[in-house]
Amino acid sequence: MTEIARTGRRGFRRFDVTFPSGESVCATWVYRPVPEPACAGPAVVLGHGLGAVKEMRLDAYSERFAAAGYTAVAFDYRRFGSSGGRPRQLLDITEQLGDWAAAIAYTRALPQVDPARIALFGTSFGGGYAIVSAARDPRIAAVIAQGPFTSGVASALKIDLPGLAKLVPVVLRDEWARIRHKAPVTVAIVGPPRSAALINSPGAVSGFLGLAPAGMDIPNEVAARLAPQVPFYRPGRHTKKVRCPVLFAICDKDLVTPPAATARYAARAPRGEIKRYPVGHFAIYHGEAFEKAVTDQLDFLRRHLPAPPPLPARPG
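Residues numbered from 1 in each chain as written. Predicted model: local features only at pLDDT ≥ 70, side-chain atom pairs only at ≥ 80, totals over all residues. Heavy atoms only, no water.

Undergrad: What exactly am I supposed to notice about the pairing of strand 12 (residues 272-277) here?
TA: For a regular strand, side-chain orientation follows a simple rule: the groups alternate between the two sheet faces. Direction of pairing for strand 11 (residues 246-251) relative to strand 12: parallel, over a ladder of 6 bridges. Within strand 12, the position partnered with Ile250 by the bridge is Arg276. Once you follow strand 11 into helix 7 (residues 259-266) and on to strand 12, the crossover reads as right-handed. (Pairing = 2+ DSSP bridges. Helix = DSSP H or I, 4+ residues; strand = E, 2+ residues; numbered from the N terminus. Right-handed = clockwise from strand over helix to strand, strands pointing away.)

What follows is the structure, given as structure tokens:
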């Protein structure tokens, strides 16, 4: 366990750990507020989107949550980032939902965490996972779904026809590789318009890769067999089953997870709240849009899961 001390008005420490999931482990950052809370308090479990890893700005959200008194647990899915699992870059929706369940179980077992006060933060594809996870687990206390993937059909329709025509043969090659138990054939996660990529909207390449810190090499690929699953995956259908408060952070210029579909699903959530931002899918992670979004998210957490006061300073 590696401890990284930080400073700030309240401050936090980050620990690098792993937790078991399936037959492998998920690499995880656990952020703990400093000073420690006076009693076991709430926690936020954070998971990223399609092919993304925790270094791609989950640290920014985790730091802000921890500095506000929340334990934050940000993890990488199996087969991605620093987590275990092979073959690499193979995205299985059922498996990744299992990673969310394992992350929640791990967080509940932390001694500084009240197991009845767990919130989920999911962004992009992870936003859909957070919704489904909360629908399955009635003990979840709150959900933040940022730019969430809610409708596979709506997102699939954003792939232009030339790109789709180029994508099909790659998918067929990967399916043939799967049948023969060979290494996956990969396709780009993001690419320019008209390219064979899962996301080929304008600005997607710079937006996705720009989430990573300078000098970090992010694999821009995933097993192509995911593509035919996407149109049939509609996590938004689960919003009506989520009984806890849900904050939907919707980007009005989103070309990856279309805002109209998300707004329709958000309206079905019994305790849904909507915040809208005049930016694209990747812009909400940076600058003024990030500051506005994370401020709204902290307000949401404070209203529904207030953090306990810190321990008083020791004399001398």
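Undergrad: Even after reading the chapter, I still don't get the sheet that holds strand 8 (residues 186-190), so can you show me in this structure?
TA: Consider a sheet: its strands pair through backbone hydrogen bonds, and that pairing is either parallel or antiparallel. Taking strand neighbours across the sheet as the criterion, the 3 strands line up as 9-8-10 in an open arrangement whose pairing is mixed. Edge positions in the open sheet fall to strand 9 (197-199) and strand 10 (222-223), since each of these has one partner strand only. Relative to strand 10, strand 8 runs antiparallel, the two being bridged by 2 bridges. The partner of Thr186 across the bridge, within strand 10, is Ala223.

Undergrad: How should the pattern of salt bridges be read in this particular structure?
TA: For side chains bearing opposite charge, pairing can occur when the charged atoms are close. Taken as a whole, this structure holds 14 salt bridges when the rule is applied. Across the salt bridge formed by Lys54 and Glu55, the nearest N and O atoms sit 3.7 Å from each other. Side by side, Lys54 and Glu55 carry an identical accessibility label, which is buried. Where salt bridges share partners, they join Lys54, Glu55 and Asp76 into one cluster. (Salt bridge = Lys/Arg side-chain N within 4 Å of Asp/Glu carboxyl O. Buried < 20%, exposed > 50% of the residue type's maximum accessible area, 1.4 Å probe, protein only.)

Undergrad: Before we go on, may I ask you to explain a positive patch on the surface in this structure?
TA: On the surface, Arg234, Arg237, Lys240, Lys241, Arg264 and Arg268 cluster together into a positively charged patch. Tracing the backbone through its elements, the reader meets Arg237 in the loop between strand 10 and strand 11. According to the relative accessible area criterion, Arg237 is partly exposed, its value standing at 40%. (Patch = residues over 30% accessible without salt bridge, like charges linked within 9 Å, V, L, I, M, F, W, Y side chains within 5 Å. Areas by Shrake-Rupley, 256 points an atom, 1.4 Å probe, with all protein chains shown as cover. Lys, Arg positive; Asp, Glu negative; His and termini not counted. Charge placed at Lys NZ, Arg CZ, Asp CG, Glu CD.)

Undergrad: Would you mind going over the environment of Val190 with me for this structure?
TA: Of note, Val190 is situated in strand 8. Each C-alpha atom, one on Val190 and one on Trp29, is 26 Å from the other, the two residues being 161 residues apart in sequence.

Undergrad: How should the side chain of Thr123 be read in this particular structure?
TA: Here Thr123 shows up in strand 6 (residues 113-123). A relative accessible area of 0% means that Thr123 is categorised as buried. At a separation of 2.6 Å, a polar atom in the side chain of Thr123 contacts the side chain of Tyr285. (Polar contact = N/O pair within 3.5 Å; in protein donor to acceptor, adjacent residues only side chain to side chain.)

Undergrad: Sorry, what's going on with the confidence of the model for the chain here?
TA: Detailed conclusions should not be drawn from predicted coordinates in areas where pLDDT is low. When the pLDDT values of the chain are averaged, the result is 94; 96% of them are 70 or greater. Per-residue pLDDT stays below 50 along residues 1-8; that stretch engages in 16 contacts with residues further than four places along the chain or on separate chains. (pLDDT = per-residue confidence, 0-100. Contact = heavy atoms within 4.5 Å.)

Undergrad: Teacher, can you tell me more about unusual backbone geometry here?
TA: Keep in mind that most residues, glycine aside, have a negative phi and that most peptide bonds are trans. The linkage connecting Val34 with the following residue, Pro35, adopts the cis geometry, with an omega of -5°. Structurally, Pro35 is set in the loop between strand 3 (24-33) and strand 4 (41-47). With omega at 0°, the peptide bond leading from Arg86 into Pro87 counts as cis. Tracing the sequence through the fold places Pro87 in the loop between strand 5 (71-75) and helix 2 (93-108). With phi around 60°, His181 is a residue other than glycine that occupies positive phi space. For His181, the position within the fold is in the loop between helix 5 (161-179) and strand 8. Relative accessible area serves as the criterion here: at 73%, His181 is assigned to the exposed category.

Undergrad: How do you make sense of a nonpolar patch on the surface when you look at a structure like this?
TA: On the surface, Leu161, Leu164, Val168 and Leu172 cluster together into a nonpolar patch covering about 400 Å² of accessible area. Relative to the elements of secondary structure, Leu161 occurs in helix 5.

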